[in-house]
Amino acid sequence: MVVKAEGAGGAPRRVTIFGSTGSVGTQTVDLVARDPERFPVEALTANRNVALLAEQARQLRPKLAVVADPAAYADLKEALAGTGVEAAAGPQAVAEAAERPSDWVMAAIVGAAGLEPTLAAVRRGACVAFANKEVLVCAGALMMEEVRRHGANLLPVDSEHSAIYQVFDFDRLESVQRLILTASGGPFRTRDRAFMAAATREQAVAHPTWDMGAKISIDSATMMNKGLEIIEAHFLFGVPEEKIDVLVHPQSVVHSLVEYVDGSVLAQLGTPDMRTPIAYALGWPARISTPAERLDLVKAATLTFEAPDPERFPALRLARAALQSGGGAPTILSAANEVAVQAFLDRRIGFLDIERIVEGVLGTLPHRPLRDLGAVRDTDAEARRVAADRVAALAR
Ligand SMILES: NC(=O)c1ccc[n+]([C@@H]2O[C@H](COP(=O)([O-])OP(=O)(O)OC[C@H]3O[C@@H](n4cnc5c(N)ncnc54)[C@H](OP(=O)(O)O)[C@@H]3O)[C@@H](O)[C@H]2O)c1
């Protein structure tokens, strides 16, 4: 479980942004660029989007810019010529960037690829703003153990977990009755299974309230995103699976709630703009201003809530089963899901094949305990192999 620690208040904070070219990354850059004196930049990283990374580097003048894809190195070096910004490439260089002396690290890589850099930042006791939920899903127990051992501080960035963090009573855990994660319901909230079976990539990424990267948009459409978030909340707040509920709330205004034993329910509200939870982590424990649209409850007028439908969205059941099973099951779930989502984005399989593949891989592989990071990597790799075989068998 995370511990609410003391922070540095309004002092300058040197930052590193992993995944700076992504949806969360660019919104973090947007906030940091508004106050460069307070937020000097140590390093920026991307996978292979050299053009945007170089543009950000020219604007923010970090000491280092890294691409994970070694093939993009020459282009990055050329794009940064004359800027004084050092260029580096490869997954190892991304992880090494996390070891550099920044006070605050944004973990906004997508998928398990973020494991090594997040772990490296945690191991030097950094303050880690944590968006990259797949890391906690694939290695939750080990990651939280490292957080404790090294006195690191994990500040959740997912809007739901940021909301819970803001209203969670860390000093009186016994007073917490349950966590309630809200979900927009995604683009297929009102659609039947026949519609989903024929859904295209364009329909699935068209999220009704949030503008996000491709992978999390598909996860929202299957509701696997909420399943991953149940697992993330379990590790972050130390609350058992059966005390974490999901509530569909299409307006995405109430970002999540905590119910206490006396019947009180505390929530955090705001317009759906990721810059609000990112700013909460960036300024923490101080609040910093953002250009996010203000919440006007009169304009919003009606907020609605409904129970999730487990028949149309079986991903929620799969994620809960993986968490209950424990050991490597969440690792398998997340790895198989990454492979299946990518195959859907590549138009190789249908939308409902995603859940079929995840369920199949989860049912095929043993759920061994994860004693160390090597076991996490092996389990992740094995699940990816089996999932890729299933994609090949289903591919059109
Ligand atoms: N977007 C949101 O609103 C939101 C909200 C809550 C939580 N999250 C979580 O935040 C994380 C990032 O989401 P996103 O929507 O920002 O994703 P995104 O837009 O796809 O961006 C992903 C970032 O990671 C980089 N990247 C991709 N593969 C990589 C690899 N193998 N090694 C190193 N870097 C790699 C990308 O670089 P390139 O640009 O070069 O490909 C990009 O900078 C996810 O875990 C997501 O679930 C996102």
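Up top is the structure these notes are about.
In what follows, the accompanying structure is described. As the structure is a computational prediction, the values presented were derived from the model and not from experiment.

**A short note on the sheet that holds strand S7 (residues 153–156)**
Here we have seven strands laid out as an open sheet, ordered S4-S3-S2-S1-S5-S6-S7, and parallel in their pairing. Taken across any chain shown, the strands that pair with only one partner, and hence form the sheet edges, are strand S4 (86–89) and S7. Each strand axis lies, on average, 15° off the axis of its neighbour in the sheet, ignoring direction. As defined by bridge partners, strand S5 (residues 104–107) adjoins strand S6 (residues 127–130) across four bridges and the pair is classed as parallel. Across the sheet, Ala107 pairs through a bridge with Phe130, a residue of S6.

**Regarding the site of the ligand**
Taken together, 24 residues lie near the ligand, and Thr21, Ser23, Arg48, Asn49 and Glu134 sit nearest. With respect to the ligand, the backbone of Gly19 contributes an N or O atom lying 3.2 Å from an oxygen atom. Taking Asn47, its main chain carries an N or O atom lying 2.9 Å from an oxygen atom of the ligand. Breaking the shell around the ligand down by element, the ones donating at least two residues are helix H1 (23–33) and helix H6 (133–150). Partitioning the shell around the ligand into residue classes produces 11 nonpolar, nine polar and four charged.

**Considering the packing of helix H14 (residues 315–325) against helix H16 (residues 351–364)**
It is at 10 Å that the axes of H14 and H16 come closest, and there the two elements cross at 20°. What the angle tells us is that H14 and H16 run roughly parallel. Here H14 runs over H16; the crossing is left-handed. Between H14, through Arg317, Leu318 and Ala322, and H16, the contact on the second element is made entirely by Glu355, Val358, Glu359 and Leu362. Broken down by class, the residue content of the contact of H14 with H16 amounts to four nonpolar, no polar and three charged.

**A short note on the layout of surface pockets**
By volume, the second largest pocket amounts to about 270 Å³. Considering the residues around the second largest pocket, the lining is formed by 16 residues, among which Thr276, Arg287, Ile288, Thr290 and Arg294 are closest to the centre. For the lining of the second largest pocket, the secondary-structure elements that each account for two or more residues are strand S11 (265–269) and helix H12 (275–283). Here the element with the most residues in the lining of the second largest pocket is H12; it accounts for four residues. Counted by class, the lining of the second largest pocket contains six nonpolar, six polar and four charged residues.

**Some remarks on the nonpolar core**
Formed by 135 residues in total, the largest nonpolar core has its most connected members in Met106, Leu179, Phe237, Leu333 and Phe351. Per-element tally for this core: the top contributor is helix H15 (residues 329–345), with 11 residues.

**Re the packing of H14 against H15**
Angle between the axes and distance between the axes are the two parameters that describe a pair of packed helices. Packing of H14 against H15 brings their axes to within 7 Å, and their N-to-C directions diverge by 150°. Judged by residue contacts, Leu318, Ala319, Ala322, Leu323 and Ser325 of H14 engage Ala329, Pro330 and Leu333 from H15. Its residues assigned to classes, the contact of H14 with H15 comprises seven nonpolar, one polar and no charged.

**Observations concerning the pattern of salt bridges**
In the structure shown here, the tally under the stated rule is 33 salt bridges. Of the charged contacts in the structure, one is a salt bridge between Asp30 and Arg34, with a shortest N-O distance of 3.1 Å. Residue Glu42 is joined to Lys63 by a salt bridge in which the shortest nitrogen-to-oxygen separation is 3.9 Å. Residue Glu42 is located in strand S2 (residues 41–46), and its partner Lys63 is located in the loop between helix H2 (50–60) and strand S3 (64–67); the two are separated by 21 residues in the primary sequence. You can call Lys63 partly exposed: its relative accessible area is 45%. Where salt bridges share partners, they join Arg14, Glu42, Lys63, Glu86 and Arg100 into one cluster.

**So, a nonpolar patch on the surface**
A cluster of nonpolar side chains, namely Leu269, Leu295 and Leu297, defines an oily patch on the protein surface of about 220 Å² accessible area. The topology assignment puts Leu297 in helix H13 (residues 297–300).

Rules used in this analysis
Residues numbered from 1 in each chain as written. Predicted model: local features only at pLDDT ≥ 70, side-chain atom pairs only at ≥ 80, totals over all residues. Heavy atoms only, no water. Pairing = 2+ DSSP bridges. Helix = DSSP H or I, 4+ residues; strand = E, 2+ residues; numbered from the N terminus. Axes fitted to C-alpha atoms, helices over the stretch in contact; angles between N-to-C directions. Near = heavy atom within 4 Å. Polar contact = N/O pair within 3.5 Å; in protein donor to acceptor, adjacent residues only side chain to side chain. Nonpolar A, V, L, I, M, F, W, Y, C, P; charged D, E, K, R; others polar. Parallel < 35°, antiparallel > 145°, perpendicular 65-115°, else oblique. Left-handed = near helix turned anticlockwise from the far one by under 90°. Contact = heavy atoms within 4.5 Å. 1 Å grid on protein atoms, 1.4 Å probe; cavity = no way out; pocket = protein on both sides within 12 Å on 5 of 7 lines; lining within 4 Å. Points joined across faces, edges and corners; volume = space filled by probe spheres on them. Core = buried A, V, L, I, M, F, W, Y, C linked by side-chain atoms within 4.5 Å. Buried < 20%, exposed > 50% of the residue type's maximum accessible area, 1.4 Å probe, protein only. Salt bridge = Lys/Arg side-chain N within 4 Å of Asp/Glu carboxyl O. Patch = residues over 30% accessible without salt bridge, like charges linked within 9 Å, V, L, I, M, F, W, Y side chains within 5 Å. Areas by Shrake-Rupley, 256 points an atom, 1.4 Å probe, with all protein chains shown as cover.

Functional significance is not addressed by these values, which are geometric in nature.
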